[in-house]
Amino acid sequence: MRRIDRVTSQGKSLAIHWADGGRSTWPAIWLRDQCRCATCRHPSGQRLFEIGDLPEHPEIAAVAQGDGALRLDWRDGHDSEFDIAWLAAHDLSEEARAARARQPRLWGKEIGNSLPEGDWPTIARDPAAELRWLEAYHTHGFGLLRNVPVEPGQVAAVGDHLGFVRTTNYGKLFDVISVPDPNNLANTALGLGVHSDNPYRDPTPGVQLLHCLESEAPGGDTLLVDGFAAAEQLRKEAPDHFDLLTRVPASFRFADKDADLGTRVPLISVDDEGRITAVHFNNRSFAGIDVAEELVEPWYEAYRAFAAVLKRPEREVIFRLGPGDLVVMQNERALHGRTAFDPNKGRRRLQGCYVDKDGMESRMRVLQRKVKGAAA
Ligand SMILES: [Fe+2]
Ligand SMILES: [Zn+2]
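Residues numbered from 1 in each chain as written. Chains lettered and ligands numbered in written order. Predicted model: local features only at pLDDT ≥ 70, side-chain atom pairs only at ≥ 80, totals over all residues. Heavy atoms only, no water.

Q: What's the story with the side chain of D325 in this structure? I'm lost.
A: Secondary-structure assignment places D325 in the loop between β19 (316-319) and β20 (326-330). Within the local environment of D325, its side chain forms a polar contact with the backbone nitrogen of G322, the two atoms lying 2.8 Å apart. Sequence-distant contacts of D325, that is, excluding residues within four places in its chain, are made with L145, R146, L210, H211, C212 and R320. (Helix = DSSP H or I, 4+ residues; strand = E, 2+ residues; numbered from the N terminus. Polar contact = N/O pair within 3.5 Å; in protein donor to acceptor, adjacent residues only side chain to side chain. Contact = heavy atoms within 4.5 Å.)

Here is the structure:
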């Protein structure tokens, strides 16, 4: 545990000078809002007061250091106690915040030799094996499961194990198979460029699962591209293009006789610190842009540049799914596609479903608590 050298308070803030030479500070309002006392928090951890109930300018009157905790006396008579380990874990410094942010491991073609994968029967019965797979999946934005029973419907059973399957107008799960007169190009034998599925939904599916049941048809290999790595490459090579794609939304739409879905979302999303959080890319359901006229030409130039980066051979991983293989992809990061196949020379059948992203993150954190004893 990080050890304290000394603690100082200016009333409006608290500073810990750590024995390792570091210094962390917290504004008084932040600390007061985080008070864990029985008046402020229900045993569930949920807050019992509203923001308007707090003093607007709370002031720390005194700080005392106890066994592994700091006790704060507030000017208005309230007391708070904070675990030092908890404070250390909630350091607001730039370095500490950066260390807490999830660091995706960006990848390209080279990962084809070491795909993040696991044996489904082992994962289904061993929480430690499942956690290892889930951590690799979250780092890479995709993961493979081998030896999933080759039976229709298994994809949804796996989806409901890892998270919660989201039912859509395609049902709880859908078949990817070549059919006559399809409502979606996925159900032809055509090659498909890499894409995120269904960006016309709000929210876009967070996770897609695809389970291979039959793969005798020549062709139909799976393509994956790390959309975050491609977006980072665009940011480096053409910052203006990158910037435009984060600011100007594209429209996506899907309509058939039963559904009419549409969204407006940027191709690249970034958070408040500029980290890439999502890529939405799908030329089939891209409906155009509905923006000020002067933005149209620059946006198309940026769109073309991003599409070209996504097509670079060094970005693309190609592998073949065999019966029993199931690929799980963060749909707004690991863009997927396939090579064309010949349905006259053999069958190809996949089943897919969508799962929400938060459910899989929750699953990972609960297993971290169980397996590693990590704090809630
Ligand atoms: Fe797809
Ligand atoms: Zn309190």
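More follows now that the structure is in view.
Q: Explanation requested: the sheet that holds strand β2 (residues 13-18) in the structure shown.
A: Across a sheet, paired strands are connected by hydrogen bonds in the backbone, their directions being either parallel or antiparallel. What the 3 strands build is an open sheet, ordered β1-β2-β3; its pairing is antiparallel. In this open sheet, the two edge strands, each paired with only one partner strand, are β1 (4-9) and β3 (23-27). In this sheet, neighbouring strand axes are inclined to one another by 15° on average, regardless of whether the strands run parallel or antiparallel. Summarising the sheet, β1 and β2 pair through 5 bridges and their orientation is antiparallel. Residue S9 lies in a different strand from β2, and its bridge partner there is L14. (Pairing = 2+ DSSP bridges. Axes fitted to C-alpha atoms, helices over the stretch in contact; angles between N-to-C directions.)

Q: What am I meant to see in the coordination of the iron ion (ligand 1) here?
A: Coordination of the iron ion (ligand 1) by the protein involves H195 (NE2), D197 (OD) and H336 (NE2), with metal-donor separations of 2.0 to 2.2 Å. Donor residues for the iron ion (ligand 1), ordered by position in the chain, follow H-x1-D-x138-H. Given a relative accessible area of 10%, D197 falls into the buried group. (Donors = N, O, S within 2.8 Å, 3.2 Å for Na, K, Ca; no water. Buried < 20%, exposed > 50% of the residue type's maximum accessible area, 1.4 Å probe, protein only.)

Q: What should I look at first to understand the coordination of the zinc ion (ligand 2) in this one?
A: Tetrahedral coordination by four donors sets the ideal angle at the metal to 109.5 degrees; octahedral coordination by six donors sets it to 90 or 180 degrees. For the zinc ion (ligand 2), every protein donor is listed as C35 (SG), C37 (SG), C40 (SG) and H78 (NE2), and the spread of their distances is 2.1 to 2.3 Å. Coordination at the zinc ion (ligand 2) is tetrahedral: its 4 donor atoms span angles of 103 to 116° at the metal. Each donor residue of the zinc ion (ligand 2) lies on the same chain, and together they follow the pattern C-x1-C-x2-C-x37-H. With respect to burial, C35 and C40 carry one shared label: buried. (Tetrahedral: all angles 85-135°; square planar, octahedral: opposite > 155°, others 65-115°.)

Q: Looking at this structure, how should I read unusual backbone geometry?
A: Phi is mostly negative for residues that are not glycine, and the peptide bonds are mostly trans. At the junction of D202 and P203, the peptide bond is cis and its omega measures out at 0° in the coordinates. Despite not being glycine, D181 shows a phi value in the positive range, around 55°. Looking at the element boundaries, D181 is found in the loop between β10 (174-176) and β11 (192-195).

Q: Is there a simple way to explain empty space enclosed by the protein in this structure?
A: Think of a ball as big as a water molecule: rolled over the atoms, this probe shows where empty space is left. Tallying each qualifying case throughout the model produces 1 cavity of 30 Å³ or more. Volume-wise, the largest cavity comes out at about 40 Å³. Every residue along the wall of the largest cavity is listed here: C212, S215, G220, T222, R320, L321, R348 and L350. (1 Å grid on protein atoms, 1.4 Å probe; cavity = no way out; pocket = protein on both sides within 12 Å on 5 of 7 lines; lining within 4 Å. Points joined across faces, edges and corners; volume = space filled by probe spheres on them.)

Q: So what exactly am I meant to see when it comes to the environment of P55 here?
A: As for its position among the elements, P55 is in the loop between α1 (28-33) and β4 (60-65). Among the residues examined, P55 registers a relative accessible area of 24% and is labelled partly exposed. For the pair P55 and D33, spaced 22 residues apart in sequence, the C-alpha separation works out to 9.9 Å. Discounting chain neighbours no more than four positions away, the residues touching P55 are I29, R32 and D76.

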